[in-house]
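Next come the chains, spelled out residue by residue.
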Protein chains: 2
Amino acid sequence: MKEMIIQVSQEKYPIVIGSNIYDQLPNYLTKVGITEKSKILIITDNNVADFHLHKIMNILDEYDTYSYIVPAGEYSKSMKQVEKIIEYALLKGLDRFSTIIALGGGVVGDLAGFIAAIYMRGISFIQCPTTILAHDSSVGGKVGINHPLGKNLIGAFYQPKLVFYDTSFLHTLPRRQVLSGFAEVIKHGLIANAEFTNWLGTNVNSLLALEHDYVIEALYKGIGVKAAIVRKDEKELGVRAFLNYGHTLAHAIETISDYQYLHGEAVAIGMVFASKLAYEIGIASNEVVKLTENLIHSFSLPIRVKEKYDPNRLVEIMMRDKKFKNNQIRMILPTAIGNVVIKENIDRRQIVDLLQEFIK
Amino acid sequence: MKEMIIQVSQEKYPIVIGSNIYDQLPNYLTKVGITEKSKILIITDNNVADFHLHKIMNILDEYDTYSYIVPAGEYSKSMKQVEKIIEYALLKGLDRFSTIIALGGGVVGDLAGFIAAIYMRGISFIQCPTTILAHDSSVGGKVGINHPLGKNLIGAFYQPKLVFYDTSFLHTLPRRQVLSGFAEVIKHGLIANAEFTNWLGTNVNSLLALEHDYVIEALYKGIGVKAAIVRKDEKELGVRAFLNYGHTLAHAIETISDYQYLHGEAVAIGMVFASKLAYEIGIASNEVVKLTENLIHSFSLPIRVKEKYDPNRLVEIMMRDKKFKNNQIRMILPTAIGNVVIKENIDRRQIVDLLQEFIK
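Residues numbered from 1 in each chain as written. Chains lettered and ligands numbered in written order. Predicted model: local features only at pLDDT ≥ 70, side-chain atom pairs only at ≥ 80, totals over all residues. Heavy atoms only, no water.

**Q** When you look at the overall build of chain A in this model, what are you seeing that I'm missing?
**A** Helix and strand content of chain A: 14 helices and 11 strands. For 360 residues, the compact-globule formula gives about 21 Å, and the C-alpha radius of gyration of chain A, at 20 Å, lands near that figure. C-alpha atoms of chain A, sized along the principal axes, occupy 60 × 40 × 35 Å. For chain A, the proportion of its 360 residues judged to be buried stands at 63%. In chain A, once contacts between residues fewer than 6 apart in sequence are set aside, the share between residues at least 24 apart is 74%. About 13300 Å² of surface is accessible on chain A, with carbon and sulfur atoms providing 48% of the total. With 39 positive and 38 negative side-chain charges, chain A shows a separation of 4 Å between the mean positions of the two kinds. (Helix = DSSP H or I, 4+ residues; strand = E, 2+ residues; numbered from the N terminus. Rg over C-alpha atoms; globule rule 2.2 N^0.38 Å. Buried < 20%, exposed > 50% of the residue type's maximum accessible area, 1.4 Å probe, protein only. Contact = heavy atoms within 4.5 Å. Areas by Shrake-Rupley, 256 points an atom, 1.4 Å probe, with all protein chains shown as cover. Lys, Arg positive; Asp, Glu negative; His and termini not counted. Charge placed at Lys NZ, Arg CZ, Asp CG, Glu CD.)

The structure is reproduced here in C-alpha cells:
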C-alpha cells in the first residue's frame, strides 16, 4: 500500500493506494474526521454498483449510509442528474455535516464532487476511484458537469478529504476502459517525466495485465506528477495547463462524436496530434512524434480519428473550450519526451490542415 | 464615500459605498484587475433594469458588455434560471477570464454569484447592490439558489472581487423593500453593537427618508459588523452562525408563505420570536424583548405572522434548515441588546407552543 499527502493552498488530504484494502475504509474515514454519526451518501454508477457497492455498503454499516446509482457514462454529468441527486439527499436528511463518497470513475467523481461542492454550500467529499482514468480526475479538485455546448463547462474547484484507491476494483473494468485509463498515465509521463515514460513503454504487458505492483507504481507515479503541478497552480493560471496536454482536441472529439470516444481514447489522439503540430511548428523533433505515437499505439490506444468529421467544426468546438483566452488558439505542445510548453497564437489554418490528416 | 477592505481567508476585496458614484465603476474595475478586454455579463432583474441598467451599460461602453434580466423575486433563485443564464453566457462567448456583475438586491446577488462560482469553475464576480438588504448578502461570500424543499440549499462560498454600492440607486426602491432591508441592519446592531442599535432607534426618520449620510453610515456600520464576523469564521463553523439571528424561523415563514413575506419581514418576526424564546428559556430579560419589538416596530416591520399556519409544519421546515446539526434544534438567541449566543438542544415542544402566540 502507498500513501501520499496532497497539498493544495490551505487544504491537505491523503491518497491511499493499495490492492484489496477496502475493509480499511472506515479507519481512514475516522482519520479524516468523519465519525459514525455522519450520514453518508455513496454516488456510483450501475456498472460499479453491480460489482462493488454491496462491499462498501457492508463495510460502512456503522454509518447511516445511502446510495444513489446513476447510469454509467458521460451523460450522467448533467444538471438533470445533479438536481435528482440533491433532491434525494435532501429527502434522506443529509445536512451540512454529511459526507458524499464517489465510488466510480471520472464521471462519478466529477458529478459527486460537484454535488458535494454545492450541497448546502459544500459538504465533505471522499473519492473511491474504481478506474485507472480516475487516478487523474481524483486529484486536483476539479469537479463539474457538462453542458450541451461542451464538456466540463459548469463546475468548481473542490478538494476531497480523502482519496481511497483500491486497485482490486480495477479487475472488473472492461478492457477498453483499462486502455483508456492508461492514456492519462502516459500523459503524466509525457509532460513531466521521461524516465517514467520509458518505464511505461518497457512494462506494457505487466501493466495491461493489471499486475498489481506495476499498477500501483504507475498510479503512484502518475498521481505524483499531477500533484506536483496542482500544488504549484491550483486554479490553472499557469503550469496546470500542462495537464491539458492532448485535451483540447480530445474534448472536441468527445463532443462531436457524442461521447462515442472514451476520454482516454480521445486524449490519446489529442497527444499524437499535439506532437505532430509541435513538429510542424518546429519546436519538437520527428523523434518525439514517433516515440509518442509508438507508446500510445503499444497500449492499443487510437492515434487517429476513424470518422470523417469536418475539421472546421472540430476547430470551432475547440475555440469554445475554456482554455482559450481572448479567442486566440492556445495549446500545450511537447518539445521533448517529458517536457511540454504553452504555445499561444497558433494559426487556425494550420490546425485545420493538420486535422485533415487525423481524420480518416 | 466610504471604503472598507474585506478579508476572508486568503482573499481580500474592497467595498465602496457612496451616493451617485456609479460613473466611477470603470475605475474600480481597473483597480481590481478587470481590463477592457474582458467580457462582462450584467445580471439584473426587471425592476432594477428599468431604472438603472442603461446607466451601467453606458458607463461600461468600453467593455464587451452583455446583460441578462431575470424576473424580480425569490423564484429567480432557481436551477432553471441558472441553466438559462449559463447557456446565454456560453453563447455570448464568456470565457474563464470574463466577469459577472450582479446589479440588484440579494436575489440577484445570490443567483449571479452562484453562476460566477460554477461557470467554468469560477469567474470574476462584482456586486453592485441596489437594495439595503443587499448590504448583508453582498458581504461574506455566501451565494446560492433555492430548492423546492427549502431556501439556499444549493450554493457555494464565493467571494466577489469588489462590492460597489451606489446608494442613489436605493431611491427607486419600493417602500416595502426599504423597510425589509433595514431588518438586516437592525440585526447587525442587535447581535453585536448596542450603541449602533441605539443610534438606529434614534434616527428612524432620517433613515426611512433615505437621507444619504445616514444611510451610508448605517450600511457602513452594518457591513462592519458582518465583515468582522465573517473574517473570524468564513465557513460558518462557529460565530458566523450569529448572523443567522432570526433566520431559522424566517426561512420557514418564507417557505410556508411561498415567499409572500419579504426576507427582511420574515427576519424581523424571527428576531422578535428569538428574543421571546430567550426570555422564556431564561437567558434574556423581558426588557430585551420589549426593546427588540419596539425597535422593529418603529421601522414599520412586522412582529407577528398574520396567517394561521400550522406551527408543527413550521417547525418541520425549521428542522430541515441546514443550521441544524444531527437533528437537534439549535438557534441563535439574544442575552442582551448587542449580544447573542448559540443555544443547542432546544425543546421542540417549547418552540411549537411559542409559535402559537406568533401566528395570529
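**Q** I keep staring at the relation of the copies chain B and chain A and nothing clicks. Help me out?
**A** In this arrangement, two copies of a chain are superimposed by a rotation about an axis accompanied by a shift along the axis. Between chain B and chain A, the superposition needs a rotation of 180° and an axial shift of 0.0 Å, giving an RMSD of 0.0 Å. Look at the turn and shift together and you get a two-fold axis relating the two. Looking at the interface residues of chain B, 100% of them are also at the interface in chain A, so both copies use one shared face. (Least-squares fit on C-alpha atoms with pLDDT ≥ 70 in both.)

**Q** Whenever I open this one, the pairing of strand E6 (residues 124-129) of chain A confuses me. Can you help?
**A** Regular strands show a simple pattern: their side chains alternate between the two faces of the sheet. All names here are of chain A. Buried residues dominate E6, accounting for 6 of its 6 residues. Side-chain alternation along E6 places Ser124, Ile126 and Cys128 on one buried face and Phe125, Gln127 and Pro129 on a second face that is also buried. Pairing between strand E5 (residues 99-104) and E6: 6 bridges, direction parallel. Counterpart to Ile101 in the pairing with E6 is Ile126. Taking the sense of rotation as the criterion, the β-α-β connection linking E5, helix H4 (residues 106-118) and E6 turns out right-handed. (Pairing = 2+ DSSP bridges. Right-handed = clockwise from strand over helix to strand, strands pointing away.)

**Q** How should I be thinking about the UniProt feature "transmembrane region" (unreviewed entry) in chain A in this particular structure?
**A** Mapped onto this structure's residue numbering, the UniProt feature "transmembrane region" (unreviewed entry) falls at residues 100-120 of chain A. What you have in residues 100-120 of chain A is 62% helix and 24% strand, and the ends, taken at the C-alpha atoms, are 12 Å apart. (UniProt positions renumbered as here; feature names shortened; annotations may be inferred.)

**Q** In this structure, what is going on with the interface of chain B and chain A? I would like to understand it.
**A** When the parts of a complex come together, some accessible area is lost, and that lost area is often taken as the interface size. Facing the 37 residues of chain B at the interface are 37 residues of chain A. Together chain B and chain A conceal approximately 3500 Å² of surface at their shared face, both sides included; 60% is due to carbon and sulfur atoms. Connecting chain B to chain A are 0 salt bridges. Across the contact surface, chain B and chain A share 6 residue pairs in polar contact (both at pLDDT 80 or more). (Buried area = accessible area lost by both parts, 1.4 Å probe. Salt bridge = Lys/Arg side-chain N within 4 Å of Asp/Glu carboxyl O. Polar contact = N/O pair within 3.5 Å; in protein donor to acceptor, adjacent residues only side chain to side chain.)

**Q** Sorry, what's going on with a positive patch on the surface here?
**A** A cluster of basic residues, Lys80 and Lys84 of chain A together with Lys80 and Lys84 of chain B, forms a positive patch on the protein surface. Contributions of two or more residues to the positive patch are made by helix H3 (79-91) of chain A together with helix H3 (79-91) of chain B. Here Lys80 of chain A lies in helix H3. (Patch = residues over 30% accessible without salt bridge, like charges linked within 9 Å, V, L, I, M, F, W, Y side chains within 5 Å.)

**Q** What's the story with the domain arrangement of chain A in this structure? I'm lost.
**A** Residues and elements named next belong to chain A. Annotation of chain A at the domain level lists domain 1 (2-172) and domain 2 (175-358). Contacts between the two partners involve 33 residues from domain 1, matched on the other side by 35 residues from domain 2. Of all residues in domain 1, Ile132, His135 and Lys151 give up the largest surface area on contact with domain 2, accounting jointly for 20% of the area buried on that side. Remark: the boundary between domain 1 and domain 2 carries 4 salt bridges. Of the charged contacts in the structure, one is a salt bridge between Lys226 and Asp136, with a shortest N-O distance of 3.2 Å. Counting every contact that joins domain 1 to domain 2 gives 9 residue pairs in polar contact (both at pLDDT 80 or more). Taken together, the residues of the side of domain 1 that touches domain 2 sort by class into 14 nonpolar, 13 polar and 6 charged. (Domains from an automatic or database assignment. Nonpolar A, V, L, I, M, F, W, Y, C, P; charged D, E, K, R; others polar.)

**Q** Where do I start with the pairing of strand E4 (residues 64-70) of chain A in this structure?
**A** All names here are of chain A. As judged from the 7 bridges shared by strand E3 (residues 39-45) and E4, these two strands associate in the parallel manner. Bridged to Asp45 within E4 is Val70. For the crossover that starts at E3, traverses helix H2 (residues 46-59) and ends in the parallel E4, the hand is right-handed.

**Q** In this structure, what is going on with the packing of helix H10 (residues 247-256) of chain B against helix H11 (residues 263-281) of chain B? I would like to understand it.
**A** Residue and element names in this part refer to chain B. Axis separation between H10 and H11 bottoms out at 7 Å; the angle between their running directions is 135°. Classified by the angle between their axes, H10 and H11 sit oblique to one another. Two packed elements cross with a definite hand, and for H10 against H11 that hand is right-handed. Residues His247, Leu249, Ala250, His251, Ile253 and Glu254 of H10 form the contact with H11, whose own contacting residues are His263, Ala266, Val267, Ile269, Gly270 and Phe273. (Axes fitted to C-alpha atoms, helices over the stretch in contact; angles between N-to-C directions. Parallel < 35°, antiparallel > 145°, perpendicular 65-115°, else oblique. Left-handed = near helix turned anticlockwise from the far one by under 90°.)

**Q** When you look at the nonpolar core in this model, what are you seeing that I'm missing?
**A** One recurring pattern in soluble globular proteins: nonpolar side chains tend to sit buried together. Residue and element names in this part refer to chain A. Counting 81 residues, the largest nonpolar core has Ile6, Ile186, Phe273, Phe299, Met331 and Ile351 as the members making the most contacts within it. The leading source of residues in this core is helix H11 (residues 263-281), at 10 residues. Each of domain 1 (2-172) and domain 2 (175-358) contributes no fewer than three residues to this core. If we skip the residues at most four places from it in the chain, Phe273 touches Leu249, Met331, Ile351, Leu354, Leu355 and Phe358. (Core = buried A, V, L, I, M, F, W, Y, C linked by side-chain atoms within 4.5 Å.)

**Q** Would you mind showing me how to read the sheet that holds strand E5 (residues 99-104) of chain B here?
**A** Sheet strands line up and pair through hydrogen bonds in the backbone, either parallel or antiparallel. Residues and elements named next belong to chain B. Taking strand neighbours across the sheet as the criterion, the 7 strands line up as E1-E2-E9-E6-E5-E3-E4 in an open arrangement whose pairing is mixed. Two strands lie at the open edges of the sheet, namely strand E1 (2-8) and strand E4 (64-70), each paired on one side alone. In this sheet, neighbouring strand axes are inclined to one another by 20° on average, regardless of whether the strands run parallel or antiparallel. Of the strand pairs in this sheet, strand E3 (residues 39-45) and E5 are connected by 5 bridges, and their pairing is parallel.

**Q** Could you clarify how one ought to interpret the side chain of Asp95 of chain B in this entry?
**A** All names here are of chain B. Turning to its location among the elements, Asp95 is positioned in the loop between H3 and E5. No salt bridge is formed by the buried Asp95. Its closest oppositely charged neighbour is Lys39, at 7.1 Å. At 2.8 Å, the side chain of Asp95 forms a polar contact with the backbone nitrogen of Phe97.

**Q** When you look at H10 of chain B in this model, what are you seeing that I'm missing?
**A** Structurally, the α-helix is built with 3.6 residues per turn, so residues lying three or four positions apart point the same way. Residues and elements named next belong to chain B. When you tally the buried positions in H10, you get 10 out of 10 residues, the bulk of the element. Three or more residues of H10 are buried, namely His247, Thr248, Leu249, Ala250, His251, Ala252, Ile253, Glu254, Thr255 and Ile256. Here the buried face of H10 lies against strand E8 (150-157), helix H6 (175-192), H11, helix H13 (311-320) and helix H14 (348-358). Two residues or fewer past H10, Asp258 is found with a positive phi of approximately 60°.

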